[in-house]
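Structural overview for review
One letter stands for each residue in the lines below.
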Amino acid sequence: MRGNEVIGILFAYVHEERVRELTQNRVMASIPFGGRYRLVDFPLSNMVNSGMNKVGVITEENYQSLMDHLGSGKAWNLSRKSEGLYMLPPFGADTRRTDGKIESLASIMRFLQNSHEEYVLLSDCDTVMNIDYRDVFKFHTEKQADITVIYRHGMSPDTDKNVVYTVDPEGVVRDMLIKRGSDADCNYAVGMRLMKRDLLINLVQDCMSRNLSDFDRDLMQRNLGDLRICGYEYTGAAYTITSFSSYFNANMALMDPKVRSSLFIPDHPIYTKVRDEMPARYGLGSSVSNSIIADGCIIDGEVENCILFRGVKVKKGAKLKNCVIMQNCVIGENTKLDYVVADKNVTFADNRTMAGYQTYPVYVAKGGQV
Amino acid sequence: MLPKQEVVAMLLAGGQGSRLGVLTKDIAKPAVPFGGKYRIIDFPLSNCVNSGIETVGVLTQYQPLELNEYIGSGQPWDLDSMNAGVHVLSPYEKRKKTDWYKGTANAITQNIPFIERYNPDYVVVLSGDHIYKMDYSKMISFHKEKGAAVTIAVQPVPMEEASRFGILNTNEDDSIYEFDEKPKKPKSDLANMGIYVFTWEKLRKFLLADDEDPKSSNDFGKNVLPAMLNAGEKMFAYRFEGYWKDVGTIDSLWESNMDLLDPNVPLDLSDADWRIYSRNPVMPPHYVAKGAHVQNSLIAEGCNVYGQLEFSVLFAGVYVAPGAVVTDSIVMPGARIEEGAHVQYAIVAENAVIGPNSVVGKRPEEVENKDEWGVAVVGPDCKLPAGSVVPPKAMIDAEEVEK
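Rules used throughout
- Residues numbered from 1 in each chain as written.
- Chains lettered and ligands numbered in written order.
- Predicted model: local features only at pLDDT ≥ 70, side-chain atom pairs only at ≥ 80, totals over all residues.
- Heavy atoms only, no water.
- Helix = DSSP H or I, 4+ residues; strand = E, 2+ residues; numbered from the N terminus.
- Rg over C-alpha atoms; globule rule 2.2 N^0.38 Å.
- Buried < 20%, exposed > 50% of the residue type's maximum accessible area, 1.4 Å probe, protein only.
- Contact = heavy atoms within 4.5 Å.
- Areas by Shrake-Rupley, 256 points an atom, 1.4 Å probe, with all protein chains shown as cover.
- Lys, Arg positive; Asp, Glu negative; His and termini not counted.
- Charge placed at Lys NZ, Arg CZ, Asp CG, Glu CD.
- Pairing = 2+ DSSP bridges.
- Salt bridge = Lys/Arg side-chain N within 4 Å of Asp/Glu carboxyl O.
- Buried area = accessible area lost by both parts, 1.4 Å probe.
- Polar contact = N/O pair within 3.5 Å; in protein donor to acceptor, adjacent residues only side chain to side chain.
- Core = buried A, V, L, I, M, F, W, Y, C linked by side-chain atoms within 4.5 Å.
- Arc of directions from axis to C-beta.
- Phe/Tyr/Trp six-rings, centres within 6.5 Å; stacked < 30°, edge-to-face > 60°.
- Lys NZ or Arg CZ within 6 Å of the ring centre and 35° of its normal.
- Disulfide = S-S within 2.5 Å.
- Axes fitted to C-alpha atoms, helices over the stretch in contact; angles between N-to-C directions.
- Parallel < 35°, antiparallel > 145°, perpendicular 65-115°, else oblique.
- Left-handed = near helix turned anticlockwise from the far one by under 90°.

**Quick look at the overall build of chain B**
- Counting its regular elements, chain B contains nine helices and 31 strands.
- Against the 2.2 N^0.38 benchmark of 22 Å for 403 residues, chain B shows a C-alpha radius of gyration of 22 Å, consistent with a compact globule.
- With respect to the three principal axes, the spread of C-alpha positions in chain B is 65 × 50 × 45 Å.
- Every one of the 403 residues in chain B was classed for burial, and the buried ones make up 58%.
- Contacts in chain B between residues at least 24 apart in sequence constitute 59% of all its contacts with a sequence separation of at least 6.
- Here chain B displays about 16,900 Å² of accessible surface, and carbon together with sulfur accounts for 48% of that area.
- The centroid of the 39 positive side-chain charges in chain B is displaced by 5 Å from the centroid of its 56 negative side-chain charges.

**Examining the pairing of strand S9 (residues 166-170) of chain B**
All names here are of chain B.
- S9 sits mainly inside the fold: five of its five residues count as buried.
- Residue alternation in S9 divides its side chains into two sets, Gly-166, Leu-168 and Thr-170 and Ile-167 and Asn-169, and both sets are buried.
- Two strands pair when backbone bridges link them, and S9 and strand S10 (residues 176-181) are joined in this way by five bridges, in the antiparallel orientation. Among the inter-strand pairings, Leu-168 is bridged to a residue of S10, identified as Phe-179.
- Between S9 and S10, which pair antiparallel in sequence order, lie five residues; one of them, Asp-174, sits at a positive phi of approximately 70°.

**Here's the deal with the pattern of salt bridges**
Residues and elements named next belong to chain B.
- A full pass over the atoms with the stated rule returns 34 salt bridges over all chains.
- Of the charged contacts, one joins Asp-99 and Lys-102 as a salt bridge, the two residues approaching to 3.7 Å between their closest N and O atoms.
- We note a salt bridge from Arg-239 to Asp-174, for which the minimum N-O separation is 3.2 Å. Here Arg-239, found in strand S12 (residues 235-239), pairs with Asp-174, found in the loop between S9 and S10; they are 65 residues apart in sequence, far enough to count as distant.
- Under the relative-accessibility criterion, Arg-239 is labelled partly exposed at 43%.

**Re unusual backbone geometry**
Residue and element names in this part refer to chain B.
- For Asp-174, which is not glycine, the phi dihedral falls at a positive 70°.
- Classification of Asp-174 by relative accessible area gives buried; the value is 15%.
- Positive phi is not limited to glycine here, since Lys-393 has a value of about 70°.
- In this structure, Lys-393 sits in the loop between strand S30 (389-390) and strand S31 (395-396).

**Brief notes about the interface of chain B and chain A**
- Listed as interface residues are 38 residues of chain B and, on the opposing side, 33 residues of chain A.
- The junction of chain B with chain A conceals about 2,800 Å² of combined surface from both sides, 51% of it contributed by carbon and sulfur atoms.
- Across the contact surface, chain B and chain A share two salt bridges.
- For the pair chain B and chain A, the interface holds 22 residue pairs in polar contact (both at pLDDT 80 or more).
- Elements with a contribution of two residues or more to the side of chain B that touches chain A: strand S14 (286-288), strand S15 (293-295) and strand S16 (297-299) of chain B.
- In terms of strand pairing, strand S16 (residues 291-293) of chain A meets S14(B) through three bridges, oriented antiparallel.

**Considerations on the nonpolar core**
- Counting residues in each nonpolar core, the largest one holds 76 residues, and the members touching the most others are B:Val56, B:Leu126, B:Met134, B:Tyr136, B:Ile195, B:Leu253 and B:Ile347.
- Within the second largest apolar cluster, 53 residues are counted, among which are A:Val312, A:Cys329, A:Val340 and A:Val364.

**Some words on the pairing of strand S1 (residues 6-11) of chain A**
Residue and element names in this part refer to chain A.
- Most of S1 sits inside the fold, with six of its six residues counted as buried.
- When S1 meets strand S6 (residues 119-124), the two strands line up parallel, connected through six bridges. Bridging from a neighbouring strand, Ile-9 pairs with Leu-122 of S6.
- Pairing analysis gives four bridges linking S1 to strand S4 (residues 54-58), with the strands arranged parallel. What sits directly across from Ile-9, in S4, is Gly-56.

**A few points about the sheet that holds strand S18 (residues 308-310) of chain B**
Residue and element names in this part refer to chain B.
- What the six strands build is an open sheet, ordered S15-S18-S21-S24-S27-S30; its pairing is parallel. Each edge of the open sheet carries a strand with a single partner, namely S15 and S30.
- With three bridges joining them, S15 and S18 adopt parallel strand pairing. Following the sheet pairing, His-293 is matched in S18 by Gln-308.

**Focus: helix H5 (residues 136-146) of chain B**
All names here are of chain B.
- Residues Tyr-136, Met-139, Ile-140, Phe-142 and His-143 constitute the buried set of H5. What you see down the axis of H5 is that its buried residues fit within an arc of 155°, all on one side. Along H5, the residues that are exposed and aim more than 90 degrees away from the buried face are Lys-138 and Glu-145.
- Phi turns positive, to about 60°, at Gly-147, one or two residues after H5.

**Some thoughts on the packing of aromatic side chains**
- Enumeration over the complete set of coordinates arrives at 26 aromatic pairs over all chains.
- Arranged with centres 5.6 Å apart and planes meeting at 80°, the rings of A:Phe244 and A:Tyr363 form a pair that is edge-to-face. Within this pair, whereas A:Phe244 is found in helix H8 (residues 244-252), its partner A:Tyr363 is found in strand S28 (residues 362-364), the two being separated by 119 residues in sequence.
- Pairwise contacts between aromatic rings join A:Phe33, A:Tyr37, A:Phe42 and A:Phe264 into one cluster.
- The residue whose ring lies beneath A:Arg260 is B:Tyr287, and the NZ or CZ to ring-centre distance is 3.9 Å.

**Remarks on the state of the cysteines**
- For the coordinates displayed, the defined rule picks out zero disulfides over all chains.
- Between A:Cys306, a free cysteine, and A:Cys323, which holds the nearest cysteine sulfur, the sulfur-to-sulfur gap is 4.5 Å.

**What to know about the packing of helix H6 (residues 200-212) of chain B against helix H7 (residues 220-230) of chain B**
All names here are of chain B.
- Two numbers describe how H6 lies on H7: the axes approach to 10 Å, and their chain directions differ by 120°. One element, H6, and the other, H7, form an angle in the oblique class. Read as a crossing pair, H6 and H7 show a hand that is right-handed. Listed contacts from H7 to Lys-202, Leu-203, Phe-206, Leu-207 and Asp-210 of H6 are Phe-220, Asn-223, Val-224, Ala-227 and Met-228.

In short, the description is geometric, and any link to function would need to be established separately.
In structure tokens form, the structure reads like this:
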């Protein structure tokens, strides 16, 4: 697919309520992930790697940290003379109902109408995966679909919050259930859809004039009979963040080399903001096992089954197990942490002990002093 | 005419760096990787930006492809500004007197038109093969205060080593009265660091005069500076305290990388107020596996460490297999150390592969004749087969391995 055929639209905010801990001061899209990334890096890099060069990011509130992260879009090669990154902050009155996608799209109607690209790819920011949208585009044209939705087959990542599709052997979506989970394997949505720009404009305008506001129910499900909606199955590794514990587990999954090689493909790199930190420094007497460590860390203690983001300091005698420690945290001497998720800039003083459990990791909010 | 810049920096990056052997076979010396994620040129470039110098000319001549690509628009160093920024300056054909850069001074002479576009008061001349953090703005203030024609940064070196350096003999007020190139009996311990601040008007005059002299080798140290001294120009030595190392040889390159692992060496790269910028690799954080053992080392993004690592520097995307042992070594981007391989006191260059159970380098205490010991170097893209042995001080070239 040529870059100028498809616009990307990212919903930076949807499903924030599912991980309230992490979205107090930020949008879904800017939740830190995997040692150096934010969730938005995945869909954004996928779009760029698939040849798209125009991406609009729809935000609603709390988007300062996202703006800071994305900047001009340079790190994703989206700071360009023609097209590039468009921040689309809220415009007009906030009449948020359901997930607000339809209102958001209505509020950027001028952006959609003034674009010349034929297609639009709409993506949520809560799924971590490395997908080539060119394959989806090819599928979409071959199937002569009006809308293509991307799904995964397997155990639904959540019990009651998913969209689940019934797809016939032709790849056509025959049924679509909202807010569903399933105990058995099913086809669950990963929050990405491709359609023509004109069709999207018509559907959004139609919903707005009928006072319909739920994207999945009113724009998609209601049109199941009239439109040819096809399902593209994605088979690589994917992690949808539906709760705090799924966030924790998705991070921990990175210890598996197979997961890493599916998410971090040299030809399809995941871009992120550059921090110019020095490489991680391991001191004498440090001990690190089965962990992901980012640049700028200084490790003098023990680290096991952990993800350390950029610039984390682990002092002598500290013992970290099963933790996700975000940017610039400091772990004091002889402090012991087990199943702890520490948000950015948390300081643990010396000789502290804190422990959660696998099913219930303890969360320490941004800037906390323990 | 572009807006005036008070200071323009000219970075001499054209040297072949033949003493680095295979490491500079296909790249210019300033592009040699350093410190886990940097290249040597990141240091002078970052120093310029951090000192407020926004116009930098990089003089290239030998194998410039990779260096040009690395510098690109200058964006990683914030040097992609509209009216200033970094410019790569290669020799070019002229109507008269077309030539390669014949010497350090000639390289600047050939680029007088570049410098004049900015109408500067001062020109800073830097080398592309030194590792140090220095605030040039302090040196420029010193230069202004003294009203000097040229100020040369110097560092005190141990007297017994002074005969290896270019020594400056100074009066009490730090004005220079003599240049002593590698003196047998040094009179002073002030070594020339190869960092110069010139008053542009004066430099221009002496460069043009030097250019007219057919006998001159057009070199700063040999010709231009002595000519300025003879003409009675005011020349001062500026004492710099802090870490500074010329990494023009395999040993000094290795030592300087090892210095990063020594907390007592004053070269802190984590200082947020004086960052060393570089073109960052786009790779995930590195992974240290269960059973791996890492001590006193630097590890960059994208590495996968399953084996043992001590006193070593791993660049981006290096793989250390289970059972491999890497000690006191530098492993450059994309290299692979396979199972059971033993790498010690070595430099493994970009994308090299050390086959299973190979042995590269030796500890100095295991070598009887000390003259036979040295850092072993495995060149870029060398694919060493299983069970290879690379003796200390050896330098392996990819083409030789294929034969």
